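Letter by letter, the chains look like this.
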Amino acid sequence: MDLLDKWVNQVNSLLWDELLIFLLVGTGIYYTLRLGFIQIRHFGTGLKSLFGGMTMSGGKADKQGMSSFQAVATAIAGQVGTGNLAGPATAIVAGGPGAIFWMWVSSFLGMATIYAEAILAQKFKSKDKNGQTVGGPAYYIEQGLKCRWLACLFAVLIILALGLIGNMVQSNSIAAAFEGSLGIPGWVVGVVLAIITACVIMGGIRSIASFTEKVVPTMAVFYLAGALLILALNAHYILPAFKAIFVAAFNPSAVLGGGAGIAIQQAMRFGIARGLFSNEAGMGSTPHAHAVAKVARPEQQGFIAMMGVFVVCVIVTLTALVIITSGMKAWDAGGQVQQAFTGVFSGKGIAVTQQAYSYVFGHAGSLFISASLFFFAFSTIIGWYYYAETNVRYLFNSQTAVRIYQLLVIAFIFVASFFKVDLVWNMADMFNGLMVLPNLVALILLSPIVIRLTRAITRQPETASEAE
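Residues numbered from 1 in each chain as written. Predicted model: local features only at pLDDT ≥ 70, side-chain atom pairs only at ≥ 80, totals over all residues. Heavy atoms only, no water.

**A look at empty space enclosed by the protein**
Over the atoms, a rolling probe the size of a water molecule traces out where space has been left empty. Short version of the rule: The definitions used throughout rest on a 1 Å grid laid over the protein atoms alone, on which a cavity is an enclosed set of points accommodating a 1.4 Å probe that cannot get out and a pocket is an open set flanked by protein within 12 Å on both sides along at least five of seven lines; lining residues are those having an atom within 4 Å of a point. Grid points are joined across faces, edges and corners, and a volume is the space filled by probe spheres set on the points. Strands here are runs of E lasting at least two residues and helices are runs of H or I lasting at least four, both read from the DSSP assignment and numbered beginning at the N terminus.
For the structure on display, the rule yields two cavities of 30 Å³ or more. Lining the second largest cavity, in full, are Met 103, Ser 107, Gly 275, Ser 278, Asn 279, Val 312, Cys 313 and Val 316. Listing elements by their share of the lining of the second largest cavity, those giving two or more residues are α6 (98–123), α13 (264–279) and α15 (298–331).

What follows is the structure in structure tokens.
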């Protein structure tokens, strides 16, 4: 077991510390330039589509798909998970406050990448033998690249990465949070979580779409209200926090002191890595939701897909500001953020976020994070299940296979709730990283399609080679 754990950690180091950061950032830069900074030019269009179509009682999803807002709500459900609460804390503690600046950079570039994913998902969506609309990377890899084996590889990886191992991580996070704040045994949380999950996923796409369109806006407002209240109480430290973020991004020693040992490269590495992990742009997960949106043109879903990354960026930013301002307030160090963390906070990840909220709200702060984590992680379970189910349909084209998979997911969620194995967390990171590779191959090789469709709608002139 120790040997396996060591091997998984080595693979993760290669994937996340070396390979994927450059590939994902490179893809984001490529699409940003080739699409003429579409995340800026059409930000208003995307925002209008998001809020214009927002409803908690939209039309019922069916075999033909779901509304555009239901699709983006399902995508955000998958994007907004434990990483949005624990990710900023991990990035700040490991890379200093400057890491948040690089999280913003990764979100900006990720908006262009996820736009491309949504367009390809819409362009190559299909129907299974039951007439249900389906789509995602497996479909645009097979149809666009004519590469069935690569599509099958992606399907297997995402089933393992998200539907099974990934959802074990989310379940374990919920159980640990409630056991820590309320003393509820993990297995009790597991039973409740398994039952609720079964009620949602057994109802199919209609139930999933209805759940996400109601829960995602509610949990976003709930969390934003709590974060903004803390920032109002910490208002004196907001401007110093922003200053610390920008200065530390390019000169960490100016904020943290020469002995902190955090370099620009370290801030960049942790910020970009956690940002990419939080918004999932380029990972190949959210296209499954965007593929089934009922829209007139692929580009329409591309614009609203960008807003999913923006929403995640807002949540991550507020979490980071709460942590930094609470640290400054507790230490009252006038901007010496690293001293604030070493002097006030201990642990890592979600523990730091809980301590930041608890410093202002007391025990209620820990309860608030537990409740937020429940909604965030549970919505991710539903979103990730849907992505995996789409790939089960792709591989087996059988409703029986879907039912068997549903039972497996429910069992994995229950089992994961009452024990914590670091190997499971590391394996989730590994499979998440591996599934990115086939998707990035498709994003680059199919980019002429994305560029052509975008230029057609925005009336930009095509070059002769692209027109051909």
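**Let's talk about the side chain of Glu 389**
Basically, it comes down to this: With a 1.4 Å probe rolled over the protein chains alone, any residue whose accessible area is under 20% of its type maximum counts as buried; one over 50% counts as exposed, and the rest are partly exposed. When checking whether two residues touch, look at their non-hydrogen atoms; a contact exists if any pair is within 4.5 Å.
Take Glu 389: it is sitting in helix α18 (residues 363–396). Judged by its relative accessible area of 3%, Glu 389 falls in the buried class. Apart from the residues within four sequence positions on either side, Glu 389 is in contact with Gln 132, Val 402, Tyr 405 and Gln 406.

**Re the side chain of Thr 27**
Among the secondary structure elements, Thr 27 is positioned in helix α1 (residues 2–34). Classification of Thr 27 by relative accessible area gives buried; the value is 4%. Contact partners of Thr 27, with chain neighbours within four places excluded, come to Thr 113, Leu 440, Leu 443 and Ile 444.

**Notes on the packing of aromatic side chains**
For clarity, the cut-off: In this scheme Phe, Tyr and Trp rings, the latter by its six-membered ring, pair at centre separations within 6.5 Å, and the angle between planes marks the pair as stacked below 30 degrees, edge-to-face above 60, and tilted otherwise.
This structure, assessed with the given rule, holds 22 aromatic pairs. Grouped by ring-pair contacts, the aromatic residues Phe 178, Phe 211, Phe 222, Tyr 223, Tyr 357, Phe 368, Phe 374, Phe 375, Phe 376 and Phe 378 constitute a single cluster.

**Re the state of the cysteines**
Spelled out, the test is: We call a pair of cysteine sulfur atoms a disulfide whenever their separation is within 2.5 Å.
As enumerated under the stated definition, the model contains zero disulfides in all. Left unpaired, Cys 147 is separated from the closest cysteine sulfur, that of Cys 152, by 9.3 Å.

**Points about the nonpolar core**
Rules: As used here, the term nonpolar core means buried Ala, Val, Leu, Ile, Met, Phe, Trp, Tyr and Cys residues forming a set that is joined through side-chain atoms within 4.5 Å.
In terms of nonpolar packing, the biggest core is built from 157 residues, with Tyr 140 and Tyr 223 touching the most fellow members. When near neighbours in sequence (up to four residues on either side) are disregarded, Tyr 223 contacts Leu 85, Ile 315, Thr 319, Tyr 357, Phe 368, Ile 369, Ser 372 and Phe 376.

**As for helix α8 (residues 148–182)**
Applied cut-off: Expected helix span is taken as 1.5 Å per residue step, with the number of steps being one fewer than the number of residues. Two axes enter the definition of the bend at a residue: one is fitted to the seven residues ending there, the other to the seven starting there, and the bend is the angle between them.
Taking 1.5 Å as the rise per residue, α8 with 35 residues should run 51 Å; its terminal C-alpha atoms sit 49 Å apart, in good agreement. Along α8, the largest kink reaches about 40° and is centred on Gly 166. Looking one or two places after α8, you find Gly 183, whose phi comes out positive at around 75°.

**Concerning helix α17 (residues 350–361)**
Because an α-helix packs 3.6 residues into every turn, residues spaced three or four apart end up facing the same way. A rise of 1.5 Å per residue sets the reference length of α17, with its 12 residues, at 16 Å; its end C-alpha atoms lie 16 Å apart and thus fit the reference within 8%. The positive-phi residue at the C-terminal boundary of α17 is Gly 362, with phi of around 70°.

**Structural notes on the layout of surface pockets**
Quick reminder of the rule: Residue polarity follows a fixed list, in which Ala, Val, Leu, Ile, Met, Phe, Trp, Tyr, Cys and Pro are nonpolar, Asp, Glu, Lys and Arg are charged, and the others, Gly among them, are polar.
Of the volumes computed, that of the largest pocket is approximately 1400 Å³. Taken together, 46 residues form the lining of the largest pocket, with Ala 86, Thr 90, Arg 274, Trp 425 and Asp 429 sitting closest to its centre. Secondary-structure elements contributing two or more residues to the lining of the largest pocket are α1, α4 (68–79), α5 (82–95), α8, α13, α17, α18 and α20 (422–445). Examining the composition of the lining of the largest pocket, we find that nine residues originate from one element, α8, more than from any other. Within the lining of the largest pocket, the residues separate by chemical class into 15 nonpolar, 23 polar and eight charged.

**Some remarks on the packing of helix α9 (residues 186–201) against helix α10 (residues 204–233)**
Applicable threshold: Note on geometry: axes are C-alpha line fits, over the in-contact stretch for helices, and angles between N-to-C directions span 0 to 180 degrees.
Relative orientation of the contacting elements α9 and α10 amounts to 115°, with a least axis distance of 7 Å. Along the contact surface, α9 presents Cys 199, Val 200 and Ile 201, while α10 presents Gly 204, Ser 207, Ile 208 and Phe 211. A breakdown of the residues in the contact of α9 with α10 according to their chemical character gives five nonpolar, two polar and no charged.

Without other data, these values stay purely geometric and don't point to any function.
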